[in-house]
Amino acid sequence: MSRSDSAVTLRSVFASPAIAACFSDEVLIGGMLAFERALARAEGACGAIPETSAKCIDAALRDAPIDVETMVPEARRAGTLAIPFVKRITAHVAAIDKQASGFVHWGSTSQDVADTALVLCAKRASALLLDRWRALGNALATLCDAHRSTPVLARTLLQPATAVPFGFRVATWLDAVTRTRIALSRAADDASVIQLGGASGVLSSLGPIGADVATRLASELELGVPATPWHATRDRVARLGTELAIACQLAAKIGFDVALLMQPEIGEAFEPDGPGRGGSSALPHKRNPVGAMYAREAGLRAPGLLASLIAGSGGELERGLGQWQTQFWTLGELFAAAGSATDAMIEVIEGLRIDAGAMSRNLDATRGFVYAEALSTKLAATVGRSAAHARVESLCRLAQSGGRSLEDVLRDDAELAALVPAQAAAAMFEPSSQFGAAGVMIDRVLDAWRSEET
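It should be emphasised that the depicted structure is a prediction, and the values quoted were computed from it without experimental measurement. (Residues numbered from 1 in each chain as written. Predicted model: local features only at pLDDT ≥ 70, side-chain atom pairs only at ≥ 80, totals over all residues. Heavy atoms only, no water.)

So, the overall build of the protein chain
Along the backbone of the protein chain there are 19 helices and 4 strands. For the protein chain, the C-alpha radius of gyration of 30 Å lies well beyond 22 Å, the compact-globule estimate for 454 residues. When the backbone C-alpha atoms are referred to their principal axes, the protein chain occupies close to 105 × 50 × 35 Å. Relative to its full complement of 454 residues, the protein chain shows a buried share of 50%. In the protein chain, of all internal contacts separated by at least 6 residues, the share reaching a separation of at least 24 is 75%. For the protein chain, the computed accessible surface area is about 21000 Å², with 55% contributed by carbon and sulfur atoms. Positive and negative side-chain charges of the protein chain, numbering 43 and 50 respectively, have mean locations separated by a distance of 2 Å. (Helix = DSSP H or I, 4+ residues; strand = E, 2+ residues; numbered from the N terminus. Rg over C-alpha atoms; globule rule 2.2 N^0.38 Å. Buried < 20%, exposed > 50% of the residue type's maximum accessible area, 1.4 Å probe, protein only. Contact = heavy atoms within 4.5 Å. Areas by Shrake-Rupley, 256 points an atom, 1.4 Å probe, with all protein chains shown as cover. Lys, Arg positive; Asp, Glu negative; His and termini not counted. Charge placed at Lys NZ, Arg CZ, Asp CG, Glu CD.)

Printed below as a string of structure tokens:
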């Protein structure tokens, strides 16, 4: 090739360079060459073409020079990159062996080489991304275990709710990471199949041995064999894209949660700091949540990319018009976005700084209102659920209007104070009293992740 697209560009700011490189021009052409070489070997082994020609094609295409830039205008006119590509590799083989060149791309069609190259690129990118998700899950598991008893204020609809362990919040992230990694792995495996159908999908040019060639080709490329070619049924690609989009959304959720906790008014958790990280060109005091920004950017970008894959998941009759032609680049962008978000979250979670003191102060600042549910539940056993809810609601309004704590106004209510003795009230107004089944849930999540890892 005349150039390499693995070089860093400005677009790399919003991508994982290693994962994005799996969809570079260089890797795409490499995948197309791998298909043509493997096809020749498979056809030679099955007797579809002379074995001497198969060996010549295989050897000649090992280092075939492909000038991408000169192919672009031809591909634009032809409607597919495969046509100028096959023209060039045929000419390259012809310069070595004229007879062998007649068997280049034998029995295949443009979409066969384009789609199988896409699959090879996606398989490579999937392996890298799944490895990064392993690192993210391990970082979350460590954080979860370390803070299984650290009390923090839960917030529902962005308002104070009850006390929970910070480890529980992290466990909810890790639980989703475990599920997403499993689903992503399955979707990647499901999509790792060859495309070989010839002109109309039935391998008519290869005759009865077509199925044998397909099986041998798949073995050569370490891919699966689909029951039928998927020229016009693109659900595998759409399903993989769906899992990538979900991965982006999950990373964005974790990142945005961290960004909310970083606000000075909350100040409970902070992204790792360092020279040049999260600064402002105008405000010297700013410390912006950089990793969270990258994750959320990917989460906002992914749905539009996924919509394109979904829209192109079904083509007309045996081959569609305009669907499959764009999927390589769309899927590549989704992989790049998912890689960017995942890399950002690994860095954030591995270096996350927790301020347990701030968590405690924020709980105290609620003046005990976060224990209102527990108080209502305690009273319900005596006065009934509806009455208990109404009485505690009245206490809360009284405390809020007077700037007092819920526990103080409870003590001033002789009737309710008699129902909730001071010792019982003191125990109730402790954060750990609200943890409920959090410990069991944390253990389940950690066990599930560790089981997946083994």
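Considerations on the packing of aromatic side chains
Aromatic ring pairs are described here by two measures, namely the spacing of the ring centres and the angle between the planes. Applying the stated criterion across every chain yields a total of 6 aromatic pairs. Aromatic pair F328 and W329: ring centres 5.2 Å apart, planes at 80°, arrangement edge-to-face. By relative accessible area, which is 6% here, F328 ends up buried. Owing to a relative accessible area of 47%, W329 belongs among the partly exposed residues under this scheme. Among the aromatic residues, those joined into a ring-pair cluster are F23, F328, W329 and F335. Looking at R296, its charged tip hangs above the ring of F256, at a distance of 3.9 Å from the centre. (Phe/Tyr/Trp six-rings, centres within 6.5 Å; stacked < 30°, edge-to-face > 60°. Lys NZ or Arg CZ within 6 Å of the ring centre and 35° of its normal.)

Looking at helix α13 (residues 356-364)
Among the residues making up α13, those that are buried are A358, M359, N362 and L363. Along α13, the residues classed as buried sweep out an arc of 140° about the axis, all on the same side. In α13, the exposed positions angled more than 90 degrees off the buried face are occupied by R361 and D364. Against β1 (151-156), β2 (159-165), α8 (166-191) and β4 (353-354) lie the buried residues of α13. Its side-chain oxygen 3.1 Å from the backbone nitrogen of G357, D355 forms the N-cap of α13. (Arc of directions from axis to C-beta. Polar contact = N/O pair within 3.5 Å; in protein donor to acceptor, adjacent residues only side chain to side chain.)

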